Amino acid sequence: VWCVLMHLIFRMVDKIIVPSLHNKREILTEYGISDEKVVQINSYVTSLHTDKKIKIGKSDFIFIGRFSKEKGLKTVIQTMFKYKQVKPGFKCILAGSGPEEAWFLDQIKRLNLTENVAFSGYTDSPRSLIRVSNLLILPSYNEGIPIVILEAYKEGVPVAVTPFNGADEVVKHNRVGIISPRKNFAGDVIKLLEDDGKRQKLARSTKPFVSKNYSIKNRDLFIEQILC
């Protein structure tokens, strides 16, 4: 029913605007829409943001997202557990809330990771937390174009993600971050955290990358497409 409905909607509208090349290819393949009808315009991130003073100190890495299974919480736990074996006093920030929060907290307590973790809960000021972190991790099973990745880039923080559809568009591997298979994710994150030279090299590329590809100009392009 959903597919039939989408076919009808797509054929009725004059233009379809999508935020990634993957989305465009998917629509062209699945629904047989003409190429000219689907316009791809990247998302954008601005320099304006809510900036709050926080009491959390410097962290090795940060996870921001909904506390739910599709965000790869087991992989987050695995990464923390393995990193503690390398760096017992590591610090990380977990920002968010969701249906798996109780399970998430219980696992952290059970694995003796409580002292390593700063929970911020849901935040409307993610960039204040990202700014004090060396790396953003996002081991999701599926994503669109996560704005939190763009916000990390804006703060000069590289990212580590698992493969999701369109990941290679927003995360240029070994340029502004890394894309790592789930089975290797914890190990690859630890290698990056332990390699200051590589991590700093990635960090230097994030701001130019986001400014070139995900600037406020994309908002203007979107408005132009809507109005024309």
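Structure's up top.
Values in this document were obtained by computation on a predicted structure and should not be read as measured data. (Residues numbered from 1 in each chain as written. Predicted model: local features only at pLDDT ≥ 70, side-chain atom pairs only at ≥ 80, totals over all residues. Heavy atoms only, no water.)

(A) Here's a closer look at the overall build of the chain. A count of helical and extended segments in the chain gives 10 helices and eight strands. Whereas a compact globule of 228 residues would reach a radius of gyration of roughly 17 Å, the chain reaches 19 Å, a difference of no more than 12%. In terms of its C-alpha atoms, the chain occupies a principal-axis envelope of roughly 55 × 40 × 30 Å. Residues classed as buried in the chain amount to 44% of the 228 residues present. Relative to all contacts within the chain whose residues are 6 or more apart in sequence, the contacts with residues 24 or more apart total 67%. Between the mean site of the 35 positive side-chain charges and the mean site of the 24 negative ones, the chain shows a separation of 4 Å. (Helix = DSSP H or I, 4+ residues; strand = E, 2+ residues; numbered from the N terminus. Rg over C-alpha atoms; globule rule 2.2 N^0.38 Å. Buried < 20%, exposed > 50% of the residue type's maximum accessible area, 1.4 Å probe, protein only. Contact = heavy atoms within 4.5 Å. Lys, Arg positive; Asp, Glu negative; His and termini not counted. Charge placed at Lys NZ, Arg CZ, Asp CG, Glu CD.)

(B) Focus on the packing of aromatic side chains. Considering all chains together, one arrives at 10 aromatic pairs under this definition. With 6.4 Å between their ring centres and 90° between their planes, Phe-104 and Phe-119 make a pair best called edge-to-face. Of this pair, Phe-104 sits in helix α4 (residues 101–110) while Phe-119 sits in strand β5 (residues 117–119); the two residues are 15 residues apart in sequence, bridging distant segments of the chain. Owing to a relative accessible area of 0%, Phe-104 belongs among the buried residues under this scheme. A network of ring pairs unites the aromatic residues Phe-63, Phe-67, Phe-104 and Phe-119 as a single cluster. The positively charged end of Arg-182 is found above the aromatic ring belonging to Tyr-141, 3.6 Å away from the centroid. (Phe/Tyr/Trp six-rings, centres within 6.5 Å; stacked < 30°, edge-to-face > 60°. Lys NZ or Arg CZ within 6 Å of the ring centre and 35° of its normal.)

(C) Local environment of unusual backbone geometry. Backbone geometry at Asn-112 places phi at a positive 60°, although glycine is not the residue there. With respect to the helices and strands, the residue Asn-112 is situated in the loop between α4 and β5. With a relative accessible area of 57%, Asn-112 lands in the exposed category. One non-glycine residue, Asn-174, lies in the positive phi region at around 65°. Structurally, the position occupied by Asn-174 is in the loop between α7 (167–170) and β8 (177–179). Since its relative accessible area comes to 42%, Asn-174 is described here as partly exposed.

(D) Layout of the packing of helix α3 (residues 73–86) against helix α8 (residues 182–194). At a closest axis distance of 9 Å, the pairing of α3 and α8 adopts a crossing angle of 45°. Looking at the two axes, α3 sits oblique to α8. The handedness of the crossing between α3 and α8 is right-handed. Contacts between α3 and α8 involve Thr-75, Gln-78, Thr-79, Lys-82, Tyr-83 and Val-86 from the former and Arg-182, Phe-185, Ala-186, Val-189, Ile-190, Leu-193 and Glu-194 from the latter. (Axes fitted to C-alpha atoms, helices over the stretch in contact; angles between N-to-C directions. Parallel < 35°, antiparallel > 145°, perpendicular 65-115°, else oblique. Left-handed = near helix turned anticlockwise from the far one by under 90°.)

(E) How the structure looks around the nonpolar core. Residues Phe-61, Met-80, Leu-94, Ile-137, Ile-149 and Tyr-153 are the most contacted members of the largest nonpolar core, which totals 52 residues. Filtering out sequence-adjacent residues up to four positions away, Ile-149 remains in contact with Leu-136, Leu-138, Val-159, Val-161, Val-170 and Val-171. Listed in part, the eight residues of the second largest apolar core include Met-6, Ile-16, Val-18 and Ile-33. (Core = buried A, V, L, I, M, F, W, Y, C linked by side-chain atoms within 4.5 Å.)

(F) Summary view of the side chain of Ser-215. Inspection of the secondary structure puts Ser-215 in the loop between α9 (196–213) and α10 (217–227). Not counting the four nearest positions on each side in its chain, Ser-215 is found in contact with Tyr-44, Val-45 and Val-210.

(G) Local environment of the pairing of strand β3 (residues 61–64). Where burial is concerned, the two faces of β3 agree: the one with Phe-61 and Phe-63 and the one with Ile-62 and Ile-64 are both buried. Bridge analysis of β3 against strand β4 (residues 92–95) gives four bridges, and the strand direction is parallel. Along β4, the bridge assignment pairs Ile-64 with Ala-95. Handedness of the crossover is the feature at issue here: the chain leaves β3, passes through α3, returns alongside β4, and the resulting connection is right-handed. (Pairing = 2+ DSSP bridges. Right-handed = clockwise from strand over helix to strand, strands pointing away.)

(H) Spotlight on the packing of α3 against α4. Remark: α3 packs on α4, axes separated minimally by 11 Å, with the N-to-C direction vectors making an angle of 20°. With respect to α4, the element α3 is oriented roughly parallel. Relative to α4, the crossing made by α3 is right-handed. In this structure, α3 uses Leu-73, Lys-74, Val-76, Ile-77 and Met-80 to contact α4, whose residues at the interface are Trp-103, Phe-104, Gln-107 and Ile-108.

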